[in-house]
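Structural features, examined
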Amino acid sequence: MLSSAFLLLSAARLVTADLVDNGSVLSLNGISYYVGGVPIGQLDSTSTQAAMVPGTDLFPITVIDTPGPDFQGLDLLDITGQYDEEDDVFQPAFLENIYLRSASAMSLMLNGTDLEGALSNLDTSLLITSEGVSGDLQRIGGTRVMMGLISRDVPKGPYFISAATGNVYKVHRLYGDDNLAFIQGVVSDESGGYKSLPAVTENVMTKSIAVPSRLYYTASDDQPLAGLRFGVKDIYHVKGVGTSGGNRAYYYLYGARNNTCPSIQRLIDLGAVLVGKMGTVQFANGDKPTADWVDFHAPFNPRGDGYQLPSGSSTGSGAGIASYDWLDLAVGSDTGGSMRGPAGASGVFGGRPSTGVISMDGVIPLSPVSDSAGIFARSGSLWAKATQAWYQNLTSNYTSYPSIIHRGEWASAAMSPEARSVVDDWVVKLEDFLQAKTTPANVMTRWGETHGNAPANVMEMLNLTYGVYITHDQWRLLGKPFFDDYAAKNGGRRPFVNPGPLSRWQWGQTYATDAAYDQALRNISFFKSWWEKDGFGRHDPESCSESLYIYAFSTGVPAYRTDYFAAPTGPPLGFTDQNVAIMAGVPELVVPIGEVPYKSAITLQTEYLPITVALRMARGCDYVLASLVSDLEAAGVLRAVATGSRLYV
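Since this is a predicted model, take the numbers as computed values, not measurements.

**Notes on the overall build of the protein chain**
Counting secondary structure elements, the protein chain contains 17 helices and 27 strands. The globule rule puts the C-alpha radius of gyration for 649 residues at 26 Å, and the 28 Å found for the protein chain is close to it. The principal-axis extent of the C-alpha atoms belonging to the protein chain is close to 90 × 75 × 50 Å. When burial is assessed residue by residue, the protein chain has 56% of its 649 residues classed as buried. By sequence separation, contacts in the protein chain at least 24 residues apart represent 78% of the contacts at least 6 residues apart. Of the accessible surface of the protein chain, which amounts to about 26,700 Å², a share of 51% is contributed by carbon and sulfur atoms. Between the averaged position of the 45 positive side-chain charges in the protein chain and that of its 64 negative side-chain charges there is a distance of 7 Å.

Pasting the structure below:
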């Protein structure tokens, strides 16, 4: 008998050892919250018992820091009103219990009579005061008062506390990802890593994303991005969670990552709050939603009728920023247009920096030749703030903006009269701001006049260049190692790869020989040197870039995700204005400037699509470009955009 009892007890211990608290989903006044399984502080047990709600362990509470020793009822109402206005996670129900502490080392004397009206107005049942707070506070009207202690490293804001243990848990509001922008939500493990969000609310085919209270964060010189929520394209590795690259076999083969890549870790160190991994065209290539997206479903572009192409490959990042007010920033990548395409399709701010200004280590590669990391935002000023903090070692001591505006002519013929009017009117505003006149710019003509010993036709020289170097690099750096690793663990089988990247890898094995690759790199070197010396990318000692090069990017032409296209047969070939930035390695940002109407074939109603323009400066002038965009928004030349079907509400 003793032996059997011992075995049963040992088995019970083993089961208990594997039990992990992954948190809970709660509903408070009809709003869903995720309460994490990792506590960040503790409240003493006497206070927790007083706040216990029959039938549940967790109860809501708000931590409030008093601004000074003279704290009155009106101050309490002002502070809680600010919380409600500034934070989408907070709601008045968290004021049922309040923890009040002095924000300074000074003691705080409270007047119970003065506070009674405010606490009654807030429907507060329990007021817990910290050490250093005193006064005639046994009971204030219908509010019980007692002393308790929560550690000072717990920030102000709403929380849930366990009545049984006193553990304090962060509050995360759960939002639905209705436009499928995310692959998965993530939450901090409070130990420098992340875990997949183990919570879902009822939605059709969509996941939930958990966002923490904005009140937990305060911006500082070291953390200028504190509290800004961001998602990241699912090619960037994040500690504790897997990376899919848009491919299911890749995700399950390699599992959770051991480290966060440097570029994303830098955003986290700057105070930004990671909330999820976002959809990507498989392995950062270029696919159409209807047939090419096989392993995952393509995110939805919210603009217009909601069924327009979202572009790619940073598809989820661009669509998410255009869809959700609760998301502030989204990280994508741009090798050949993967930031700028979604920015144009969704009418948001997004682009590529000068090649090499930020590390791409720990990121699924397309090609190191032009891989770059970018940020999407709905506001030019926020985009500028984020990129100026994120990109390091940028020179900022320039005294003016470019005095020359070059306007690229390539896209002009495709514009409708309505779109041309929007662009022309905006260019006039830009000229007024810069006190400069616009001159037409034709890259092919300038090349023909100044190419020197390089080939006479730039389009012929660069026709295969992009296709050669991306297929050559991705097959060797990603495709072949992936196939080999998968085969080793799966009896020699090959993993599934979407038609787009697979056709590119096959094309590359035939055409992207080492000799062709070397020639592609020489072509890029020729063009980059020409662009900086004889083209439109010359530097200037006062404005960094001698000129601002602009061209129409998206022009409001409907492109339905329901359309079928021919099967992919290889990489994109050719050379247009959009390729200049990748060949020259220069910064280029797509900005929204307006919208035009169209008759939707989906809704049969008049809808609106974005008009955007690309802004380009000389290599290394990223800081100046960001400053210009921020100043253009401050002057009303650019405007922040809204989420949803229309840019401007």
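Here the narrative resumes, following the displayed structure.
**Focus: the sheet that holds strand β16 (residues 229-233)**
Ordered by their spatial adjacency, six strands build an open sheet running β14-β13-β17-β16-β18-β20, and the pairing between neighbours is mixed. Looking at which strands have only one partner, the edges of the open sheet turn out to be β14 (194-196) and β20 (373-376). On average, each strand axis in the sheet is inclined to that of its neighbour by 30 degrees, with strand direction left out of account. Pairing geometry for β16 and strand β17 (residues 273-278), over five bridges, is parallel. By the bridge assignment for β17, Arg-229 is matched with Val-273. Lying on the sheet, helix α6 (residues 262-269) is in contact with β14, β16, β18 (329-333) and β20; it crosses β16 at an angle near 180 degrees. Each of β16, β17, β18 and β20 is contacted by helix α7 (residues 315-323), which is oriented at about 160 degrees to β18, the strand it contacts most.

**Focus on the environment of Gly-574**
Tracing the backbone through its elements, the reader meets Gly-574 in the loop between β25 (547-555) and α16 (577-584). Along the sequence, Gly-574 and Gly-240 sit 334 residues apart, while their C-alpha atoms lie 40 Å from each other. Apart from residues lying up to four places away in sequence, Gly-574 is in contact with Leu-462, Asn-463 and Asn-579.

**Section: the environment of Ala-436**
By secondary structure assignment, the location of Ala-436 is in the loop between α10 (417-434) and β22 (438-441). A C-alpha to C-alpha distance of 44 Å links Ala-436 and Gln-82, two positions 354 residues apart in sequence. Every residue in contact with Ala-436, bar those within four places of it in the chain, is listed here: Ser-403, Ile-405 and Glu-431.

**Things to note about the packing of aromatic side chains**
How two aromatic rings sit relative to each other is given by the distance of their centres and the angle of their planes. With the rule as written, the count across this model stands at 38 aromatic pairs. On the basis of an interplanar angle of 50 degrees and a centroid distance of 5.9 Å, the ring pair of Trp-475 and Trp-505 is categorised as tilted. Of this pair, Trp-475 sits in helix α13 (residues 465-489) while Trp-505 is found in helix α14 (residues 499-511), placing the two residues 30 residues apart along the sequence. Given the relative accessible area of 13%, Trp-475 is considered buried. Given a relative accessible area of 1%, Trp-505 falls into the buried group. Through pairs of rings, three or more aromatic residues link up here, namely Trp-447, Phe-527, Trp-530, Trp-531, Phe-536, Tyr-549, Tyr-551, Phe-553 and Phe-575. Over the ring of Phe-300 we find Arg-561; its NZ or CZ atom is 3.8 Å from the centre of that ring. The lysine or arginine in question, Arg-639, covers the ring of Tyr-648, its NZ or CZ lying 3.8 Å from the ring centre.

**Some words on the pattern of salt bridges**
Going through the model one piece at a time under the given rule, you end up with 16 salt bridges. A salt bridge links Arg-229 to Asp-88; the shortest N-O distance between them is 2.7 Å. Here Asp-88 lies in the loop between α3 (73-86) and β5 (97-102) and Arg-229 lies in strand β16, a separation of 141 residues in the sequence. For Arg-646, the salt bridge is made with Glu-595, and the minimal N-O distance between the two is 2.8 Å. With a gap of 51 residues between them, Arg-646 in the segment after α17 (622-634) and Glu-595 in strand β26 (residues 588-599) connect regions that are remote in the sequence. Assessed through its relative accessible area of 32%, Arg-646 is described here as partly exposed.

**Focus: the sheet that holds β25**
Strand pairing within a sheet occurs via backbone hydrogen bonds; the two strands may be parallel or antiparallel. Read from one edge to the other, the open sheet built from six strands follows the order β19-β26-β27-β25-β21-β22, with strand pairing classed as mixed. Of all the strands in the sheet, the pair left with one neighbour each is β19 (350-352) and β22. Direction aside, the axes of adjacent strands within the sheet are offset by 30 degrees on average. The pairing of β19 with β26 spans three bridges and is antiparallel. Paired with Gly-350 across the bridge in β26 is Val-590. Packing of α16 onto the sheet brings it into contact with β19, β21 (404-408), β25, β26 and β27 (606-616), and relative to β25 it is tilted by some 135 degrees.

**Here we look at the side chain of Ser-208**
Within the secondary structure layout, Ser-208 lies in strand β15 (residues 208-212). You can call Ser-208 buried: its relative accessible area is 2%. Excluding its chain neighbours within four sequence positions, the residues that come into contact with Ser-208 are Leu-174, Tyr-175, Gly-185, Leu-197, Ala-199, Val-200, Thr-201 and Asn-203.

**Here's the deal with unusual backbone geometry**
Geometrically, the link from Gly-312 to Ser-313 is a cis peptide bond, its omega value of 15 degrees lying close to zero. In this fold, Ser-313 is placed in the loop between β17 and α7. With phi around 55 degrees, Asn-29 is a residue other than glycine that occupies positive phi space. Position of Asn-29 relative to the elements: it lies in the loop between β1 (24-28) and β2 (31-35). For Asn-29, a relative accessible area of 63% puts it in the exposed group. Phi at Leu-180 is positive, roughly 55 degrees, even though this residue is not glycine. You can see Leu-180 is positioned in the loop between β12 (167-176) and β13 (182-188).

**Comments concerning the nonpolar core**
Leu-76, Phe-182, Val-443, Phe-527, Trp-531 and Met-583 are the most contacted members of the largest nonpolar core, which totals 100 residues. It is helix α15 (residues 514-533) that provides the largest number of residues to this core, a total of six residues. When residues no more than four places from it in sequence are discounted, the contact partners of Val-443 are Trp-410, Phe-527, Trp-530, Trp-531, Phe-536, Tyr-549, Phe-575, Asp-577 and Val-580. In terms of nonpolar packing, the next biggest core, distinct from the first, is built from 78 residues, Phe-230, Ile-264, Leu-274 and Val-497 among them.

**Side note on the packing of α13 against α15**
Running from N to C, α13 and α15 point in directions that differ by 125 degrees, and their axes come no closer than 9 Å. Taken together, α13 and α15 sit at an angle that is classed as oblique. Crossing hand, α13 versus α15: left-handed. Contacts from Thr-465, Val-468, Tyr-469, His-472, Asp-473 and Arg-476 in α13 reach Asp-514, Ala-516, Tyr-517, Ala-520, Asn-523 and Ile-524 in α15. The class makeup of the residues in the contact of α13 with α15 is six nonpolar, three polar and three charged.

The rules we used
Residues numbered from 1 in each chain as written. Predicted model: local features only at pLDDT ≥ 70, side-chain atom pairs only at ≥ 80, totals over all residues. Heavy atoms only, no water. Helix = DSSP H or I, 4+ residues; strand = E, 2+ residues; numbered from the N terminus. Rg over C-alpha atoms; globule rule 2.2 N^0.38 Å. Buried < 20%, exposed > 50% of the residue type's maximum accessible area, 1.4 Å probe, protein only. Contact = heavy atoms within 4.5 Å. Areas by Shrake-Rupley, 256 points an atom, 1.4 Å probe, with all protein chains shown as cover. Lys, Arg positive; Asp, Glu negative; His and termini not counted. Charge placed at Lys NZ, Arg CZ, Asp CG, Glu CD. Pairing = 2+ DSSP bridges. Axes fitted to C-alpha atoms, helices over the stretch in contact; angles between N-to-C directions. Phe/Tyr/Trp six-rings, centres within 6.5 Å; stacked < 30°, edge-to-face > 60°. Lys NZ or Arg CZ within 6 Å of the ring centre and 35° of its normal. Salt bridge = Lys/Arg side-chain N within 4 Å of Asp/Glu carboxyl O. Core = buried A, V, L, I, M, F, W, Y, C linked by side-chain atoms within 4.5 Å. Parallel < 35°, antiparallel > 145°, perpendicular 65-115°, else oblique. Left-handed = near helix turned anticlockwise from the far one by under 90°. Nonpolar A, V, L, I, M, F, W, Y, C, P; charged D, E, K, R; others polar.

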